[in-house]
Amino acid sequence: MRLFAGIAIAGHVLENLARVLKQLRPLAPLHWSPIENLHITSKFIGEWPEARLDQLESALDEVKTSNAFELSISSFGYFPNPGNPRTLFAAVHSGPALAELANRIDESLRPLGIAREDRVYSPHLTLAKIKHEDIRELRDHIANMTNFDFGTFRVNQFHLFLSKVGPKGSVYSSLATYPLTASSQAGRPQ
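Note that the structure is a prediction, hence the values are computed from the model and not measured. (Residues numbered from 1 in each chain as written. Predicted model: local features only at pLDDT ≥ 70, side-chain atom pairs only at ≥ 80, totals over all residues. Heavy atoms only, no water.)

Let's talk about the nonpolar core
For step 1, the next point in the chain: Counting residues in hydrophobic clusters, the biggest one holds 58 residues, and the most contacted among them are Leu24, Leu56, Ile73, Leu88, Leu138, Phe158 and Leu160.
For step 2, the next point in the chain: For this core, the element with the highest residue contribution is helix α1 (residues 11-24), accounting for six residues.
For step 3, the next point in the chain: With near-sequence residues (within four places) excluded, Ile73 lies in contact with Val13, Ile40, Ala90, Ala91, Val92, Leu125, Phe148, Asp149, Phe150, Gly151 and Phe153. (Core = buried A, V, L, I, M, F, W, Y, C linked by side-chain atoms within 4.5 Å. Buried < 20%, exposed > 50% of the residue type's maximum accessible area, 1.4 Å probe, protein only. Helix = DSSP H or I, 4+ residues; strand = E, 2+ residues; numbered from the N terminus. Contact = heavy atoms within 4.5 Å.)

Let's talk about the packing of aromatic side chains
For step 1, the next point in the chain: Scanning the entire structure with this criterion turns up six aromatic pairs.
For step 2, the next point in the chain: Considering the side-chain rings of Phe76 and Phe148, the 5.8 Å spacing of their centres and the 80 degrees angle between planes classify their relative orientation as edge-to-face. Here the residue Phe76 occupies a position in strand β4 (residues 69-79), and Phe148 occupies one in the loop between α4 (136-144) and β7 (149-155), the gap between them amounting to 72 residues.
For step 3, the next point in the chain: What makes Phe76 buried here is its relative accessible area of 17%.
For step 4, the next point in the chain: Here the aromatic rings of Phe158 and Tyr178 are separated by 5.0 Å at their centres, their planes lie at 20 degrees, and the arrangement is stacked. Separated by 20 residues along the polypeptide, Phe158 in strand β8 (residues 157-166) and Tyr178 in strand β9 (residues 169-179) bring together distant segments of the chain. You'll find Phe158 and Tyr178 in the same group, each marked buried.
For step 5, the next point in the chain: Following the ring pairs from residue to residue traces out a cluster consisting of Phe4, Phe161 and Tyr172.
For step 6, the next point in the chain: A cation sits over an aromatic face here: Arg139 above Tyr78, 4.7 Å from the ring centre. (Phe/Tyr/Trp six-rings, centres within 6.5 Å; stacked < 30°, edge-to-face > 60°. Lys NZ or Arg CZ within 6 Å of the ring centre and 35° of its normal.)

Some points on the environment of Pro49
For step 1, the next point in the chain: Position of Pro49 among the secondary structure elements: in the loop between β3 (39-47) and α2 (53-61).
For step 2, the next point in the chain: For Pro49, a relative accessible area of 40% corresponds to the partly exposed category.
For step 3, the next point in the chain: Separated by 48 residues in sequence, Pro49 and Met1 place their C-alpha atoms 6.1 Å apart.

Overview of the environment of Thr126
For step 1, the next point in the chain: Mapped onto the elements, Thr126 comes out in strand β6 (residues 124-129).
For step 2, the next point in the chain: In this view, Thr126 contacts Ser33, Leu38, Thr87, Leu88 and Phe89; residues no more than four positions away in its chain are not counted.
For step 3, the next point in the chain: Polar contacts involving the side chain of Thr126 include one to the side chain of His124, which spans 3.3 Å. (Polar contact = N/O pair within 3.5 Å; in protein donor to acceptor, adjacent residues only side chain to side chain.)

Shown next as structure tokens:
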């Protein structure tokens, strides 16, 4: 099983992103992320044995979090940098709350042998992967855009997601939901 912990994006934000991506997709032949796959990764877990899924869910159930927090999606960026773009992303803004959540998830999974993240947490929504395609028209269009605000929403839970590779790419599904409260109690699949 290929797993990650993450935040689902609110419907109104996905609708705003879908409208903009409808304009951007024809401008460059990139590997575009499907709207239904957009999420914010809190912790990439990777391959995990199904026989040990209960251990993983129990560890995530113990994540002690603060209350819900506001998160906004606005503007675009490129990883690793604009001069050598490999990923087009939408920026995530949340103050320290999201990074604190990612750190707590990281800490809760360490006793299971899942290595801590050694990079600084950089939350984002991956919109497209760039290999060697010409993105000049895409860059020009983005440079001329005037509204980069895709919306704000309240984050009150995180999920354990399963990533399955299908004929049209990866498909993500939530295996468990964890509310953001002082004493987290997992809401198993609904």
